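This is what each chain is made of:
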Amino acid sequence: MDPDEVLLGELAEALAEASGADDVAAVGRSLWSWHDPDAQLADLVSDPAVEPLAGVRSTGDARLLRFTAEGVGIDLELLDGHLRGLVVSPAPRTLALHDATGTIVADTELDASGWFDLAVPAGLGRGTLVRLGLSDNAGNQTWTAWFRL
């Protein structure tokens, strides 16, 4: 058997055993469909689901996320089937929720101050892998890191 085939077989076995293999594959597929190399990528800098906030009283079922990129900040609250928050960016316009295939599943206009309230479609359950795309009036695009609802 060809050494490359052996290596590919071992890799397939390892990925099948990995708990996040489906996530890795979904993100990989979406990256291939991403055709805007000029877009910014906003890093997830705060997620209490990953790292609980020390010394903070319980926020109930709410989850607060913070994303940052150069000149852009997105504060996001996940609560009761809604994504609510504030975008700090020059001339923000629209915010779109994308599923793991890159499909827009919901979008909203931001108000003049950058606030938004985006209803999450019923088909997207807890734990679904998503990301946000922010467009501004100048046509600039910013993508958030992937996160789970």
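Attention here is on the structure that accompanies the text. Note that this is a predicted model, so its numbers are computed, not measured.

Time to look at the pairing of strand β2 (residues 63-69). Of the two faces of β2, the one holding Arg-63, Leu-65, Phe-67 and Ala-69 is buried and the one holding Leu-64, Arg-66 and Thr-68 is not buried anywhere. Between the end of β2 and the start of strand β3 (residues 72-79), which pair antiparallel, lie two residues, with Gly-71 showing a positive phi angle near 75 degrees.

Looking now at the environment of Ala-62. You can see Ala-62 is positioned in the loop between β1 (40-46) and β2. With 18 residues separating them in the primary sequence, Ala-62 and Asp-80 have C-alpha atoms 7.9 Å apart. Apart from residues lying up to four places away in sequence, Ala-62 is in contact with Glu-77, Leu-78 and Leu-79.

With that out of the way, let us pick up unusual backbone geometry. Of note, the phi angle at Asp-80 is positive, near 50 degrees, even though the residue is not glycine. For Asp-80, the position within the fold is in the loop between β3 and β4 (82-88). Assessed through its relative accessible area of 65%, Asp-80 is described here as exposed.

Definitions and cut-offs
Residues numbered from 1 in each chain as written. Predicted model: local features only at pLDDT ≥ 70, side-chain atom pairs only at ≥ 80, totals over all residues. Heavy atoms only, no water. Buried < 20%, exposed > 50% of the residue type's maximum accessible area, 1.4 Å probe, protein only. Helix = DSSP H or I, 4+ residues; strand = E, 2+ residues; numbered from the N terminus. Pairing = 2+ DSSP bridges. Contact = heavy atoms within 4.5 Å.

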